[in-house]
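Descriptive analysis of the structure
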Amino acid sequence: MNIIVGKNSGFCAGVKHTIDKANDELEKYGGPLDCLGEIIHNKQVVESLENRGLRTIDSIEDAEDKVLIRAHGVSKSVYEYADRNNIRLIDLTCPKVLKIHNQVEDFAKKNYFIFLFGIKNHPETIGTYSFCGVNSYVIESKDDVSPALNLLYSSNLRDVLIISQTTFSLSLFNELSELIMNSLDSTYNIHVEKSICNATSLRQIETEEIAAKVDLMIIIGGKNSSNTKKLCDVASKYCKHVIHIETKDDLSLESVRNFSNIGIMAGASTPRIYH
Ligand code: SF4
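In this report, the structure presented in the accompanying data block is examined. Because the structure is predicted, anything quoted here is derived from the model rather than measured.

What about the environment of aspartate 159?
- Tracing the sequence through the fold places aspartate 159 in strand 8 (residues 159–164).
- Residue aspartate 159 is classed as partly exposed on the basis of its relative accessible area of 26%.
- Aside from chain neighbours lying at most four places away, what touches aspartate 159 is Asn111, Tyr112, Phe113 and Asn189.
- A polar contact of 2.8 Å, which involves the side chain of aspartate 159, links it to the side chain of asparagine 189.

Side note on the sheet that holds strand 1 (residues 2–5)
- Taken together, the four strands give an open sheet; going across it, the order is 1-12-10-11, and neighbouring strands pair in parallel fashion. Here the strands that pair on one side only, and so sit at the sheet edges, are strand 1 and strand 11 (241–245). Mean inter-strand twist for the sheet, computed between neighbouring axes without regard to direction, equals 20°.
- As paired elements, strand 10 (residues 216–220) and strand 12 (residues 261–266) share five bridges and run parallel to each other. Paired with isoleucine 218 across the strands is isoleucine 264, a residue of strand 12.
- The sheet contacts of helix 8 (residues 198–213) involve strand 1, strand 10 and strand 12, and relative to strand 12 the element is tilted by about 165°.

Re the site of the ligand
- By nearness alone, every residue bordering the ligand is listed as Cys12, Gly14, Cys94, Lys96, Thr166, Cys197 and Thr200.
- Tallied by class, residues from the shell around the ligand come to three nonpolar, three polar and one charged.

A closer look at the environment of glycine 127
- Examined against the element boundaries, glycine 127 turns out to sit in helix 5 (residues 123–129).
- Between the C-alpha atom of glycine 127 and that of valine 78, which follows or precedes it by 49 residues, the distance is 9.3 Å.
- With near-sequence residues (within four places) excluded, glycine 127 lies in contact with Val74, Ser75 and His101.

What counts, and where the lines are drawn
- Residues numbered from 1 in each chain as written.
- Predicted model: local features only at pLDDT ≥ 70, side-chain atom pairs only at ≥ 80, totals over all residues.
- Heavy atoms only, no water.
- Helix = DSSP H or I, 4+ residues; strand = E, 2+ residues; numbered from the N terminus.
- Buried < 20%, exposed > 50% of the residue type's maximum accessible area, 1.4 Å probe, protein only.
- Contact = heavy atoms within 4.5 Å.
- Polar contact = N/O pair within 3.5 Å; in protein donor to acceptor, adjacent residues only side chain to side chain.
- Pairing = 2+ DSSP bridges.
- Axes fitted to C-alpha atoms, helices over the stretch in contact; angles between N-to-C directions.
- Near = heavy atom within 4 Å.
- Nonpolar A, V, L, I, M, F, W, Y, C, P; charged D, E, K, R; others polar.

Listed below in structure tokens is the structure:
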């Protein structure tokens, strides 16, 4: 049996920084330590930190004193609420996500209409969208392009920014931006910001390469992790058999025994011990 393990598997720098910092805080001060939303989309990691005192809260209004902001980032209203109520934030928003917040805010101030590509209910997209202002639209699929263009036309703005969630699909980014650019005439000034994180695009490209060489692709990561689900979609285009697992307990040896070439890739929120 030949097994290829992706070199770009597992924790990205942003997630690693968040988990290291949460561990440091719990070691120095103990719990409880509030975290706004699940610290990462990985049930096993969340449970192990919660056992040491991390408390997942759904709203900043449930915060007691000190709140950890995870790598996905949060909405502008969270910063405003914390400021008004003297809540201390340990802001672990990934610097790459913070950069996007600043960019969309700057472009909105310059009267650009913003097309934000992202999964609509993903915390990163919700956070980024809050910095975009009213002249903006979240595009998750081709179906959103037409209503987004209608909103642009009704705004009468001529400057356009195309930007995305850091873990958005690279191929969908290219497809959607081409669709928008082909729909707008030369009176529009279009700025395309390739904001997909390098860690994400490298992982997606390597997944394609491995999936094309093997008979079975195993993708490891949280069932609720958007970037892991995207790896499954990418792998499915090149390999007939794709299995998504969270831990080794989800994998039966029977299901892999008949394959001679197997590829393994893990999402950005999967620690090394699971792959
Ligand atoms: S995928 Fe990239 S942008 Fe997102 S948290 Fe990781 S390093 Fe940061």
